[in-house]
Amino acid sequence: MKFTDYCLSSEGAGVILATSSDEIHPPENIIDGRSETFWTTTGMFPQEFIISFHKCVTISKLKIQCYLVQRLQIEKSISKDPVDFEQCIEKELLCKDGELQMEDFSFPEIQATYLRVIILSAFDAFVSVHRVIAEGLSQESSNSIF
Amino acid sequence: MVKLAAKCIVAGDSAVGKTALVQMFCNDGAHFQKNYTLTIGVELLMKTVPIPGTNDSVELFLFDSAGKELFSEILDKLWEQPNALCIVYDVTNEQSFSNSAKWLERLRIQTSGIHIPGVLVGNKIDLTDRRVVERKQAQQWAEANGLEYCEISVKEMENFEAPFHIVANSFHRLYKEKVEIFNSLV
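Residues numbered from 1 in each chain as written. Chains lettered and ligands numbered in written order. Predicted model: local features only at pLDDT ≥ 70, side-chain atom pairs only at ≥ 80, totals over all residues. Heavy atoms only, no water.

Another aspect to go through is the pattern of salt bridges. Pairing of side chains with opposite charge becomes possible as their charged atoms draw close. In total, this model carries 16 salt bridges over all chains according to the counting rule given. With a closest N to O distance of 3.7 Å, Glu-36 of chain A and Arg-34 of chain A form a salt bridge. Residue Glu-36 of chain A is classed as partly exposed on the basis of its relative accessible area, which comes to 40%. Glu-80 of chain B is paired through a salt bridge with Lys-77 of chain B; the nearest N and O atoms lie 3.2 Å apart. Bridged by salt links that share partners, the residues Glu-48, Glu-75 and Arg-116 of chain A form one connected network. (Salt bridge = Lys/Arg side-chain N within 4 Å of Asp/Glu carboxyl O. Buried < 20%, exposed > 50% of the residue type's maximum accessible area, 1.4 Å probe, protein only.)

Following this line, the structure appears as structure tokens:
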């Protein structure tokens, strides 16, 4: 058993919806495992994106790296399709000029096939999201797909 | 290529020509509204403005707002989280110009300290004999308050696209500046 980040395209994750898209800063940048690349919102709030996992995963720690995000809501779904989301986090973030926001959320283990991240408001007209990290213990043997 | 979206508040005293301007812009100069209609609350119109020299564009969501005091409480709610401002006055009406300060102040409350692009628009310049607000005076006030300035005649279809091109370009520039900052974070 080891800790795995499920929010990686290399782990089978995908971004199946994003309300903004700049070709140069696409939503896939959130799950590429790099903090240098990012997704930008392109105006007006709320904005959201949905990450799909390749199976139902168990997450015990969630991290987000972003900039200028003020109010954030995170929901999860355990359905096969991206429906029936339940809210698991709503938080007002702080932001320091020129510093990436690194927010950690810990909770008792949750299960999810999809994560929905909603940016309700911001400290400026645009925000960036660099990474979402969803860590959980993985058993090497459980490679089953739906 | 990126398509930006901006909530642009169009405000100013009643009967200065806000609705005529927004309608004219959104129907590409096809129709000048001759009869006055009182706007209640807000009318929302959308138009995509291409940014010259790029493949980018800005979708302007124009919140054409009531000028009558009567609707001010509704407006404060509808104006939340604006991205751009367009304050219109009538160059033949001194009070509509002096009230621009009041409109700007009310809109600034909504922006909670964030700088957002804005333009002051002098309308009805076709009425040269009745003009009471001089260009220089209005331009100076706009500059002092961080706004761009332009003069138009919706009736003569003169320069009516300028205010929206100004805010769309400023909003696009703001986006590019922010992306530079995002790039420098890590």
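This part covers the layout of surface pockets. When its volume is computed, the largest pocket comes out at roughly 490 Å³. Elements with a minimum of two residues in the lining of the largest pocket: helix 1 (18-26) and strand 3 (57-65) of chain B. Residue contributions to the lining of the largest pocket peak at 3 residues, all from helix 1 of chain B. A volume near 310 Å³ is recorded for the second largest pocket. In terms of lining residues, the second largest pocket is bounded by 18 residues, among which Ala-122 of chain A together with Gln-81, Thr-111, Ser-112 and Ile-114 of chain B are the most central. For the lining of the second largest pocket, the residue count by class is 8 nonpolar, 8 polar and 2 charged. (1 Å grid on protein atoms, 1.4 Å probe; cavity = no way out; pocket = protein on both sides within 12 Å on 5 of 7 lines; lining within 4 Å. Points joined across faces, edges and corners; volume = space filled by probe spheres on them. Helix = DSSP H or I, 4+ residues; strand = E, 2+ residues; numbered from the N terminus. Nonpolar A, V, L, I, M, F, W, Y, C, P; charged D, E, K, R; others polar.)

As a further point, take the UniProt feature "domain: F5/8 type C" (unreviewed entry) in chain A. Mapped onto the present numbering, the UniProt feature "domain: F5/8 type C" (unreviewed entry) falls on residues 18-121 of chain A. As a span, residues 18-121 of chain A carries 0% helix and 59% strand, and end to end its C-alpha atoms are 16 Å apart. (UniProt positions renumbered as here; feature names shortened; annotations may be inferred.)

For the rest of this paragraph, the subject is the state of the cysteines. Residues and elements named next belong to chain A. For the structure shown, the criterion picks out 0 disulfides over all chains. This cysteine, Cys-56, is not joined by any disulfide, and Cys-88 carries the nearest cysteine sulfur, 13 Å off. For Cys-56, a relative accessible area of 35% puts it in the partly exposed group. (Disulfide = S-S within 2.5 Å.)

Our focus in this paragraph is the sheet that holds strand 3 of chain B. Strands belonging to one sheet form pairs held by backbone hydrogen bonds; the direction of such a pair is parallel or antiparallel. Residues and elements named next belong to chain B. Pairing is mixed in the open sheet, where 6 strands are placed in the order 2-3-1-4-5-6. Two strands lie at the open edges of the sheet, namely strand 2 (42-50) and strand 6 (148-151), each paired on one side alone. Between one strand axis and the next, the sheet turns by 25 degrees as a mean value, whatever way the strands run. Pairing of strand 1 (residues 3-11) with strand 3 involves 8 bridges; the strand directions are parallel. Note that in strand 3 the partner of Ala-5 across the bridge is Glu-59. Lying on the sheet, helix 5 (residues 135-144) is in contact with strand 4 (84-90), strand 5 (118-123) and strand 6; it crosses strand 6 at an angle near 155 degrees. Across the sheet, helix 6 (residues 162-183) is in contact with strand 1, strand 2, strand 3, strand 4, strand 5 and strand 6; its angle to strand 1 comes to roughly 135 degrees. (Pairing = 2+ DSSP bridges. Axes fitted to C-alpha atoms, helices over the stretch in contact; angles between N-to-C directions. Contact = heavy atoms within 4.5 Å.)

As a further point, take the interface of chain A and chain B. How big an interface is tends to be expressed through the accessible area that disappears when the partners come together. The interface is formed by 28 residues belonging to chain A together with 21 residues belonging to chain B. Regarding the contact of chain A and chain B, the summed buried area is about 1,900 Å², with carbon and sulfur atoms giving 67% of it. Three residues stand out in chain A for area buried against chain B, namely Thr-42, Met-44 and Phe-126 of chain A, and they jointly supply 31% of the buried area on that side. Across the chain A-chain B interface, the total number found is 1 salt bridge. Lys-178 of chain B is the salt-bridge partner of Asp-124 of chain A, the closest N and O atoms lying 3.1 Å from each other. Of all the elements in the fold, those that place two or more residues in the side of chain A that touches chain B are strand 7 (101-122) and strand 8 (128-138) of chain A. The element contributing the most residues to the side of chain A that touches chain B is strand 7 of chain A, with 3 residues. Of the residues in the side of chain A that touches chain B, the class split is 12 nonpolar, 11 polar and 5 charged. (Buried area = accessible area lost by both parts, 1.4 Å probe.)

On to unusual backbone geometry, then. Across the chain, the bulk of peptide bonds are trans and the bulk of non-glycine residues have phi less than zero. Cis geometry marks the peptide bond from Phe-45 of chain A to Pro-46 of chain A; its omega dihedral reads 5 degrees. As for its placement among the helices and strands, Pro-46 of chain A is situated in the loop between strand 3 (39-40) and strand 4 (47-67). Although it is not a glycine, Asp-28 of chain B sits at a positive phi angle of roughly 55 degrees. Positionally, Asp-28 of chain B belongs in the loop between helix 1 and strand 2. Unusually for a residue other than glycine, Asn-159 of chain B sits at a positive phi of about 60 degrees. Summarising the element assignment, Asn-159 of chain B is placed in the loop between strand 6 and helix 6.

This part is about the pairing of strand 6 of chain B. All names here are of chain B. Sheet topology note: the strand 5/strand 6 ladder contains 4 bridges and is parallel. Within the sheet, the bridge partner assigned to Gly-122 lies in strand 6 and is Glu-151. In terms of handedness, the path from strand 5 via helix 5 over to strand 6 forms a crossover that is right-handed. (Right-handed = clockwise from strand over helix to strand, strands pointing away.)

We now examine the side chain of Asn-99 of chain B. By secondary structure assignment, the location of Asn-99 of chain B is in the loop between helix 3 (94-98) and helix 4 (100-110). A polar atom in the side chain of Asn-99 of chain B sits 2.7 Å from the side chain of Asp-13 of chain B. (Polar contact = N/O pair within 3.5 Å; in protein donor to acceptor, adjacent residues only side chain to side chain.)

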